[in-house]
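Descriptive analysis of the structure
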Amino acid sequence: MTTHKGTSHTTPAAADSTPPALHDIPIGLDATGTRAEFDSLGSVDVPADKYWGAQTQRSLLHFSIGNDHMPKEVYHAYGYVKKAAALVNLAAGRLPRWKADAIIRAAEETIAGKLDAHFPLFVWQTGSGTQSNMNVNEVISNRSIQLLGGTLGSQEPVGPNDDVNMGQSSNDTFPTAMHIAAILEIDDRLLPRVRELADELDRKSIQWMDVVKIGRTHLEDAVPLTVGQEWSGWAAQIRACIAEIERSREGLLELAAGGTAVGTGLNAPEGFSREIALTIADLTGKEFVTAPNKFMAQGSLDAMVRADAALRGLAVALMKIANDMRWLASGPRTGFAELILPANEPGSSIMPGKVNPTQCEAMVMISIQVLGDDAAVAFAGSQGNFELNAMRPVIINNFLHSARILGDGIEKFVAYSVTGTVLNEKKIASYVGESLMLVTALSPVIGYQNAAHIAEDALAHDLSLRDAAIASGHVTAEQFDAIVVPSTLVGHGVEGA
């Protein structure tokens, strides 16, 4: 039995009378119990305090799986799709102004996150995203009906399929929403934070460019470089990742909207795909265009796969940097102890005074998760069949998850690890003084084999490299001091520098 309380709704005026006015009704339903909603399969009871309809309720019954809900960013992106479609349909004369205005108002509330409580569906649903598309259609329909003074669940005067979904299909709008959500996450959250990391690494690199240290290859001592050179390598890694993300981003700017069911554009008016893409571009401030081939745009999700691969590349670089930092900070007495990381929190519940490289560890875990997310995205991307890839929800969920944890993790990594890191210059200098690999500078003078024997003798007899070299008879003390000068051995390592 449907029960309502609070504001009553009146049936809107007939089509041949004065169109209903748009009311300034706050979001919310002051109702208890359930109300009847319907779809093509029949009537379904839904919670009376929610805007969703029958198809959303059916999905909640059939697909309440785990705790993985469709990311709200997808619904916010869908708000742009529905607003743009209403504007295009209005301009084409397919929607009257009063009806379009109601849809646009509800779509704007969707974009702003004001209707988030009414998007409850799970990731694990139909692979085309149809149920999430209908969730949006139903919510915008009922909110529009409320704004127009109608009866919720009546689908009058604004229907979820005929009006909100006019000229659209889940098959073209869901990948469109995926691309919008991905672009917004990349541009507004991820890339600014990655650029901040690259800038901070560059600042540290410049600051420490003249601090000579011993390099390490194969986890063994190698020839010298400077701390600044080492950090410049990390900065260059991150800048290369930025460039790759920016390249992969281009594919996400192509939108499938207008292709409708299989890419042919059936039931969409002439020019709809171009107009909706231009409108979405205008609404978002992004350079969206209509996909030149809708059959590719709907039968595959290759652009999402490539974009996620760029996130994977970033995760790989971050894992290397975070691991290097935590190893170089190991100690403080029995590790490398070249870096001193900020002490953000106590590191042990039993060992007093212990401090751990927690931001680095978090970044490594984030990177591991992103690699796992990407494996799922790549596998799902390979599952396109004929005119549809029906693995869309898992792809956008994993992409947005990766982009979000990367962005958030980088923000914390910069603020609480990279920026506050300082050098233990005494320890760094001691490693330089003790290194046997400085003998490499003698190779051009006395030959590789003779130089190798000097290093071997120094290690075997616990001698300094200088003493072993002089004892060999191949160089004098004066020659050694003139040739083996660490600061002259570092070169620059940067093309054009």
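Coordinates for the structure precede this section.
Since this is a predicted model, take the numbers as computed values, not measurements.

Some points on the side chain of Ser-144
Topologically, Ser-144 is positioned in helix 4 (residues 130–147). Judged by its relative accessible area of 0%, Ser-144 is buried. Residues in contact with Ser-144, not counting those within four places in the same chain, are Ala-102, Ile-103, Ala-106 and Val-158.

Here we look at the pairing of strand 4 (residues 220–226)
With five bridges connecting them, strand 3 (residues 212–217) and strand 4 associate as antiparallel partners. Directly across from Val-212, in strand 4, lies its bridge partner Thr-226. Linking two consecutive strands that pair antiparallel, namely strand 3 and strand 4, is a turn of two residues; a positive phi of about 60° is found at His-218 within it.

As for the packing of aromatic side chains
Scanning the entire structure with this criterion turns up four aromatic pairs. Taking 4.5 Å as the distance between ring centres and 5° as the angle between the ring planes, the aromatic pair formed by Tyr-75 and Phe-119 counts as stacked. Residue Tyr-75 is found in helix 2 (residues 72–91), and its partner Phe-119 is found in the loop between helix 3 (97–111) and helix 4; the two are separated by 44 residues along the sequence. Residues Tyr-75 and Phe-119 agree in their burial class; the two are buried. Linked through ring pairs, Trp-208, Trp-231 and Trp-234 together constitute an aromatic cluster. The ring of Tyr-431 has Arg-216 sitting right over it, with the charged end atom 5.4 Å from the ring centre.

Cut-offs used in this document
- Along each chain, residue indices are assigned from 1 in the same order as the chain's sequence is written.
- Totals for whole chains, interfaces and linings use all residues, but because this is a predicted model, local features are given only for residues with pLDDT of at least 70 and pairs of side-chain atoms are given and counted only at 80 or more.
- Only hydrogens and water are set aside; all other atoms, that is, all heavy atoms of the structure, feed into the side-chain values.
- Think of it this way: any DSSP run of H or I at least four residues long counts as a helix, any run of E at least two long counts as a strand, and we number them from the N terminus.
- Only protein chains enter the accessibility calculation, which uses a 1.4 Å probe. A residue is then buried if its area is under 20% of the maximum for its type, exposed if over 50%, and partly exposed in between.
- Two residues qualify as a contact provided that any one of their heavy atoms is within 4.5 Å of a heavy atom in the partner residue.
- Strand pairing is assigned whenever DSSP identifies at least 2 bridges connecting the two strands.
- Two aromatic rings from Phe, Tyr or Trp, using only the six-membered ring of Trp, form a pair when their centres are within 6.5 Å; if the ring planes differ by under 30 degrees the pair is stacked, by over 60 it is edge-to-face, and anything between is tilted.
- A positively charged side chain is recorded as over a ring if its NZ (Lys) or CZ (Arg) lies within 6 Å of the ring centre. The angle to the ring normal must also be within 35 degrees.

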